[in-house]
Amino acid sequence: MFTKILIANRGEIACRVATTARRLGVKTVAVYSEADAGARHVAVCDEAILLGPAAAKDSYLRGDKIIAAAKATGAQAIHPGYGFLSENAEFAEACAAAGLVFIGPPGSSMRAMGSKSAAKQLMEGAGVPLVPGYHGDAQDPELLQAEANRIGYPVLLKASAGGGGKGMRVVERSEDFQAALASCKREAMSSFGDDKVLVEKYLTRPRHIEIQVFADSLGNCVYLHERDCSVQRRHQKVLEEAPAPGMPPDRRAAMGEAAVAAARAVGYVGAGTVEFIANQDGTFYFMEMNTRLQVEHPVTEMITGTDLVEWQLRVAAGQPLPKQQHELAIHGHAIEARVYAENPEKGFLPSIGTLRCMDTPSHVAFELGGIGGIGGIPAGVRIDSGVRAGDAISPFYDPMIAKLIVWGADRAQALARMAQALSEFHIVGLATNIAFLKRLVEGDAFAHADLDTGLIERNTATLFPPAGPAPLAALALAAVALVSAETPASANPADPWTGTHGWRMNGTYRRRLAFGDEYAATTQAKVYAIDMTYHPHGWTLDADGKPHPLALVARHDGHYAIRLDGQAIQGTVRRDGEALHVFTGGLHHVLAWNDPLAHAGEHETADGRLTAPMPGKVVAVIAASGQHVRKGEPLVIMEAMKMEHTIAAPSDGLVEEVLYQVGDQVADGAPLLAFKAAA
Ligand code: MV4
């Protein structure tokens, strides 16, 4: 076994590899870009080498610098993770030329699988089933049309050099073939510089089923069963599970054996995935092979009780596979959800900014990779993440926050654990897909395993419900959090002078709280107005013209148990500037609280600049450069998370310079204007 390896990657996969290396007593060298100096993967490795600027082409794609870093630190092998250089044959060969072990397949295997049409010809020779179609070299339009007519419509035109769904055209009728062919070739040429196409029978409701294979350098090759990755959006996987629902044992064996034949045909060594496209009736066809460890490998680890990174290290060190085929049984069911910093309501636009708070689900038996578990029972919940609260999600890399992986004795238990874990996964500071994932796993289609690659598109109505009013429970939790934050937790509850219950010498105390959100903004009142009347042991909330008795039962670190209208309610409240993030009933409610008193000066820095409270857009500039203003006067209004935030003068003074214009996008903490307080 190696004594030191270099991890040529970042984020969760770099952390994941480091965890196994540590368990095996192998030292790790991290590499990082200037944007990642404080990143988690740098912190968890034993040593770290700076590669260069943030852009991947200047850092994580600099094979020369990575090889130099491995030589300089005495690492014997390089783990490429996924993405970046993981499927780059030249890099794999450059490692070998430098006397380093590339932890992955030989460059020749990558090349053989790199071209779609060449790979299909190879697979045909190896007896791996292919979608009925034409994948020859001849590209004469008349010949291609004749092939399409022979295959039968609908057919699918695919760019041979393509991938990820680019350069594909469905042709429904023979009359449309030539126009579609010309358009497909144009796109293939402009996207890949190669206009070769292949023609296939078009499967109308396909499932994406892939087989994990593993080969060692001694000639052994096994399959670790299948993963169903049918739930995708624009060719990005969203949910992955193992085993595939409804897979009969004989078909599993047939697919596994086909995948092993595919790997053997290209002289494969290491971890690989053979992707199949399957009809609803189970017939399956080879699509492509991924010559690396994949993002979704944890679901395979959970059901087989293996650590695939350990296998990778052992195989790369020349050892035999740790298990033979007959020792690889399936135990239970695992599901992975990819938690992304993105906004599903805005076309899944990546959300850039600071991860201000991250509460991960309870009962996480294992973090940071590995299979975990107690007494041979796999962990119920696993989180693989490369970020911590306080870290930035930058525009330079993939905005994945974490992989949430659950295991259950059966699919129903795994599903229930996934829904629960998503409810307990709280993120503040960025938009995320957590609520979308929860609707997805709780929806009928996924629950009934009615799977195909069109599942998300077909269910947009239930997956994107219109925003409704914030429930009273969320408003009550926000109110209780605000009121209890006004008194330290150590306050003596029996002391009327430090208590929070609004004790007054005579009469009761009443205050009004106003919360805004996206829905309230569309109503007449614009806010949810709540009148809170203080009593010795609680409050009465007046909302919707009705009184609601409210009491605080317990609080700890942002978690609250309250009683509202006689019902027990639990929730978590996290404050981020003027936004109150209330997590309750499995939902995340963002409420804007415009505190009339504390507002002025909230975002002032020591050197007299006023800064953006969060990333967002400037929607109004009220103050002008050179203008004298009074304390509390609004200066700039920003919009973030669909809410407006007013930046007000912290004191009487002079606006020296306004640094942004209406419409500008502003980063979190960026100075908005230079301000000089009056003497
Ligand atoms: C197909 C297909 C239907 N019929 N081939 C999309 C990406 C590329 N690697 C293969 N893809 C497809 N090939 C035939 N003959 C449908 C898809 C497809 C798809 C495949 C797997 C996972 C998600 C997908 C989403 C849309 C289309």
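This paragraph deals with the nonpolar core. Val231, Leu239, Ile401, Leu404, Phe425 and Leu440 are the most contacted members of the largest nonpolar core, which totals 38 residues. The set of elements that each furnish at least two residues to this core consists of strand 17 (333-340), strand 23 (381-385), strand 25 (400-408), helix 12 (411-423), helix 13 (434-442), helix 14 (444-447) and helix 15 (455-458). With residues up to four places along the chain from it excluded, the contact list for Phe425 reads Val339, Met358, Asp359, Thr360, Pro361, Ile383, Ala402, Leu404 and Ile434. Ranked by size, the runner-up nonpolar core spans 33 residues in total, among them Ala474, Ala478, Phe515 and Ile562.

Residues three or four positions apart in an α-helix share a direction because the helix packs 3.6 residues into each turn. When helix 4 (residues 89-97) is considered as a whole, its buried residues turn out to be Ala89, Phe91, Ala92 and Cys95. Along helix 4, the residues classed as buried sweep out an arc of 170 degrees about the axis, all on the same side. Structural note: helix 4 exposes Glu90 and Ala97 on the side pointing more than 90 degrees away from its buried face. Buried residues in helix 4 make contact with helix 3 (63-73), strand 4 (77-79), strand 5 (101-102) and helix 5 (107-114). Two or three places before Glu90, at the start of helix 4, stands the capping residue Asn88, its side-chain oxygen 3.1 Å from that residue's backbone nitrogen. In the segment just after helix 4, Gly99 is the residue with positive phi, at about 80 degrees.

Further remarks concern the pairing of strand 14 (residues 239-242). Going residue by residue along strand 14, you find Leu239 and Glu241 tucked away on one face and Glu240 and Ala242 tucked away on the opposite face as well. The pairing of strand 14 with strand 17 spans four bridges and is classified as antiparallel. Across the sheet, the residue bridging to Glu241 is Ile335, located in strand 17.

On to the packing of helix 5 against helix 6 (residues 116-125), then. Running from N to C, helix 5 and helix 6 point in directions that differ by 100 degrees, and their axes come no closer than 6 Å. Judged on the interaxial angle alone, helix 6 and helix 5 are roughly perpendicular. Of helix 6, the residues touching helix 5 (which contributes Ala112, Met113 and Gly114) are Lys116, Ala119, Leu122 and Met123. Taken together, the residues that form the contact of helix 5 with helix 6 break down as five nonpolar, one polar and one charged.

All right, on to the pattern of salt bridges then. The final tally for this structure, using the stated rule, is 44 salt bridges. Note that Arg23 is salt-bridged to Glu310, the shortest N-O span being 2.9 Å. Residue Arg23 is located in helix 1 (residues 11-23), and its partner Glu310 is located in helix 11 (residues 308-316); the two are separated by 287 residues in the primary sequence. Asp228 is the partner of Arg207 in a salt bridge, and the nearest nitrogen-oxygen pair spans 2.7 Å. One end of the pair, Arg207, is in strand 10 (residues 207-215); the other, Asp228, is in strand 11 (residues 221-228), with 21 residues separating them in the sequence.

Here we come to unusual backbone geometry. A cis amide bond links Tyr153 with the next residue in sequence, Pro154, at an omega value of 0 degrees. For the peptide bond that leads from Ala242 to Pro243, omega is -5 degrees, which places it in the cis range. Positionally, Pro243 belongs in the loop between strand 14 and helix 9 (249-265). In this structure, His225 takes a positive phi of about 70 degrees despite not being glycine.

A few words on the sheet that holds strand 42 (residues 671-677). Spatially, four strands are ordered 35-42-40-37 in an open sheet, and the strand pairing comes out antiparallel. Pairing within the sheet leaves two strands with one partner each, and these edge strands are strand 35 (609-611) and strand 37 (627-629). Sheet twist, expressed as the average angle between the axes of neighbouring strands with direction ignored, equals 35 degrees. In the sheet, strand 40 (residues 653-658) pairs with strand 42 via five bridges, with the strands oriented antiparallel. Along strand 42, the bridge assignment pairs Gly653 with Ala677.

This brings us to helix 11. Within helix 11, seven of the nine residues are buried, which leaves it mostly tucked inside the rest of the structure. Buried residues of helix 11: Leu308, Val309, Glu310, Trp311, Gln312, Leu313 and Val315, and no others. Count one or two residues on from helix 11 and you reach Gly318, which has phi positive near 95 degrees.

Take the site of the ligand next. In the vicinity of the ligand there are 17 residues, among which Lys158, Glu200, Lys201, Leu203 and Gln232 approach most closely. At a separation of 2.9 Å, a nitrogen atom of the ligand approaches a polar side-chain atom of Glu200. Between Lys201 and the ligand, the recorded distance is 2.7 Å, taken from a backbone N or O atom to a nitrogen atom. Protein contacts shield 89% of the accessible area of the ligand, which totals 530 Å² for the unbound molecule.

Here we come to the environment of Gly571. Here Gly571 is to be found in strand 32 (residues 567-576). In the structure, Gly571 is positioned 17 residues away from His588 in sequence and 9.9 Å away in space, judged by C-alpha atoms. What Gly571 contacts, discounting residues up to four positions off in sequence, is Leu477, Gly558, His559, Tyr560, Phe583 and Thr584.

The figure often quoted for interface size is the accessible area lost as the parts come together. As assigned here, the protein comprises domain 1 (4-103), domain 2 (132-201), domain 3 (207-460), domain 4 (472-487 + 499-593) and domain 5 (606-677). If you look at the interface, domain 4 gives nine residues, while domain 5 gives six residues. Interface of domain 4 and domain 5: buried area, both sides summed, is about 570 Å²; carbon and sulfur atoms make up 66% of it. At the boundary of domain 4 with domain 5, the tally comes to zero salt bridges. Taken together, the links from domain 4 to domain 5 amount to zero residue pairs in polar contact (both at pLDDT 80 or more). Residue assignment for the side of domain 4 that touches domain 5 shows that the elements contributing at least two residues are strand 33 (579-584) and strand 34 (587-593). Sorting elements by how many residues they give to the side of domain 4 that touches domain 5 places strand 34 first, with three residues. Grouping the amino acids of the side of domain 4 that touches domain 5 by side-chain chemistry returns four nonpolar, two polar and three charged.

This paragraph deals with the side chain of Glu210. As for its placement among the helices and strands, Glu210 is situated in strand 10. There is a polar contact of 2.7 Å between the side chain of Glu210 and the side chain of Arg227. Separated by 3.2 Å, the side chains of Glu210 and Lys237 make a polar contact. Those residues within four positions of Glu210 in sequence are excluded, and the remaining contacts are His225, Glu226, Arg227, Cys229, Lys237, Thr273, Val274, Glu275, Phe276, Gln294 and Glu296.

The rules behind these values
- Residue positions are counted from 1 within each chain, in the order its sequence is given.
- Totals for whole chains, interfaces and linings use every residue, but because this is a predicted model, local features are given only for residues with pLDDT of at least 70 and side-chain atom pairs only at 80 or more, for both listing and counting.
- Excluded from the side-chain calculations are hydrogens and water; all other atoms, namely the structure's heavy atoms, are used.
- Throughout this description, the term nonpolar core refers to a set of buried Ala, Val, Leu, Ile, Met, Phe, Trp, Tyr and Cys residues connected via side-chain atoms within 4.5 Å.
- With a 1.4 Å probe rolled over the protein chains alone, any residue whose accessible area is under 20% of its type maximum counts as buried; one over 50% counts as exposed, and the rest are partly exposed.
- The numbering of helices and of strands both runs from the N terminus, where a helix is a DSSP run of H or I of at least 4 residues and a strand a run of E of at least 2.
- Any two residues whose heavy atoms approach within 4.5 Å are treated as being in contact.
- The arc in question is the one traced by the directions running from the helix axis out to the C-beta atoms.
- A 3.5 Å cut-off defines polar contacts: any pair of N or O atoms within that distance qualifies, except that in protein one atom must be a possible hydrogen donor and the other a possible acceptor, and neighbouring residues in sequence count only when both atoms are side-chain atoms.
- A pair of strands is considered paired only if DSSP assigns at least 2 bridges between the two.
- Angles shown run from 0 to 180 degrees and are taken between the N-to-C directions of axes, each axis being a line fitted to C-alpha atoms and, for helices, limited to the stretch in contact.
- Convention used here: angles under 35 degrees read as roughly parallel, angles over 145 as roughly antiparallel, angles from 65 to 115 as roughly perpendicular, and any remaining angle as oblique.
- Gly counts as polar in this scheme, as do all residues outside two lists: the nonpolar Ala, Val, Leu, Ile, Met, Phe, Trp, Tyr, Cys and Pro, and the charged Asp, Glu, Lys and Arg.
- The term salt bridge refers to a pairing of a side-chain nitrogen on Lys or Arg with a carboxyl oxygen on Asp or Glu at a separation within 4 Å.
- Only heavy atoms are used to decide nearness, and a residue is near a molecule or strand if one of them lies within 4 Å of it.
- Only the protein chains shown count as covering a residue, and every accessible area follows the Shrake-Rupley method with a 1.4 Å probe.
- The split of the chain into domains comes from an automatic or database domain assignment.
- Summed over both partners, buried area is the accessible surface (1.4 Å probe) that two parts give up on being assembled.

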